[in-house]
Amino acid sequence: FNFDELGNIANTTIGHRFLHIVPEESKSDALDLLHTADFENGKDISNIDTLLDIAKGLALDVENLKNELNGESGKQETLMDFYYAMQIGIKGVPILIFDNKAVLYGTQSSEEILETMKKAELLPDPVEEEEDTNT
């Protein structure tokens, strides 16, 4: 975090939509660049132009992405993400969820993050609900 560059906290809805729209193979890099823009460079990630600059850096079709962000693309998926977060009790950020096994709330040291990641590796996978086929 570059606290000297951090400005107002942006509404991240369009950033979440952006992540749903970019191709699967670009999502990880897009997320990294989105975080860098926000937390290190103090860019307004609620601004479409900021997102389009990130898209340029990923060699994505900027005009198509602009049309999708100005339309409805990614809205439903983003609303479902927010709904899911509310259902599991997430009320703020940052939150880190490791393999759906371990959760860290708030800002944590790198040591605490690493320790939690190691714990998550040792935990069994979450149990999936089985469909009742007897009805």
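This text follows the structure it describes.
Residues numbered from 1 in each chain as written. Predicted model: local features only at pLDDT ≥ 70, side-chain atom pairs only at ≥ 80, totals over all residues. Heavy atoms only, no water.

Describe in detail the overall build of the protein, supporting the description with residues and values.
Scanning the protein for helices and strands turns up 6 helices and 2 strands. For the protein, the succession of helices and strands along the chain, N to C, is α-α-α-α-α-β-β-α. Among the 135 residues that make up the protein, the fraction classed as buried is 25%. By sequence separation, contacts in the protein at least 24 residues apart represent 50% of the contacts at least 6 residues apart. (Helix = DSSP H or I, 4+ residues; strand = E, 2+ residues; numbered from the N terminus. Buried < 20%, exposed > 50% of the residue type's maximum accessible area, 1.4 Å probe, protein only. Contact = heavy atoms within 4.5 Å.)

I'd like a description of the nonpolar core, backed by residues and values.
Among the nonpolar cores identified, the biggest contains 19 residues, and F18, A30, L34, L51, I54, L65 and L69 are the most heavily contacted of them. Breaking this core down by element, the ones donating at least two residues are helix 1 (13-21), helix 2 (27-40), helix 3 (48-57) and helix 4 (62-70). Contacts of A30, omitting those with residues within four sequence positions, involve F18, L19, V22, I54 and L58. (Core = buried A, V, L, I, M, F, W, Y, C linked by side-chain atoms within 4.5 Å.)

Provide a residue-level description of the side chain of T78, including the pertinent values.
Counting through the fold element by element, T78 comes out in helix 5 (residues 75-87). A polar contact is formed between the side chain of T78 and the backbone nitrogen of R17, at a distance of 3.4 Å. Here G74 takes part through its backbone oxygen, which lies 2.8 Å from a polar atom of the side chain of T78. In contact with T78, not counting residues within four places along its chain, are T13, H16, R17 and H20. (Polar contact = N/O pair within 3.5 Å; in protein donor to acceptor, adjacent residues only side chain to side chain.)

So, helix 1: which residues are in play, and what are the values?
Buried within helix 1 we find I14, G15, R17, F18, L19 and I21. Lining the buried residues of helix 1 we find helix 2, helix 3, helix 4 and helix 5.

Break down the pattern of salt bridges for me, citing the residues and quoting the values.
Within the structure shown, the criterion is met by 4 salt bridges. Across the pair K75 and E72 runs a salt bridge, and its minimum N-O distance is 3.4 Å. By relative accessible area, which is 33% here, K75 ends up partly exposed. With relative accessibility at 59%, the residue E72 sits in the exposed group. (Salt bridge = Lys/Arg side-chain N within 4 Å of Asp/Glu carboxyl O.)

Can you lay out the packing of helix 1 against helix 3 for me, pointing to particular residues and giving the numbers?
Two elements in contact, helix 1 and helix 3, have axes whose closest approach is 10 Å; the angle formed by their N-to-C orientations is 30°. Classified by the interaxial angle, the pair formed by helix 1 and helix 3 is roughly parallel. At the point where helix 1 passes helix 3, the crossing takes the right-handed sense. Contacts from I14, G15 and F18 in helix 1 reach I48, L51, I54 and A55 in helix 3. (Axes fitted to C-alpha atoms, helices over the stretch in contact; angles between N-to-C directions. Parallel < 35°, antiparallel > 145°, perpendicular 65-115°, else oblique. Left-handed = near helix turned anticlockwise from the far one by under 90°.)

Outline the environment of E68, listing residues and values.
Along the chain, E68 falls in helix 4. Residue classification places E68 among the partly exposed residues on the basis of a relative accessible area of 24%. Measuring from C-alpha to C-alpha, the distance between E68 and F18 comes to 8.8 Å, with 50 residues separating the pair along the chain. Not counting residues up to four positions away in its chain, the partners in contact with E68 are R17, I21 and S73.

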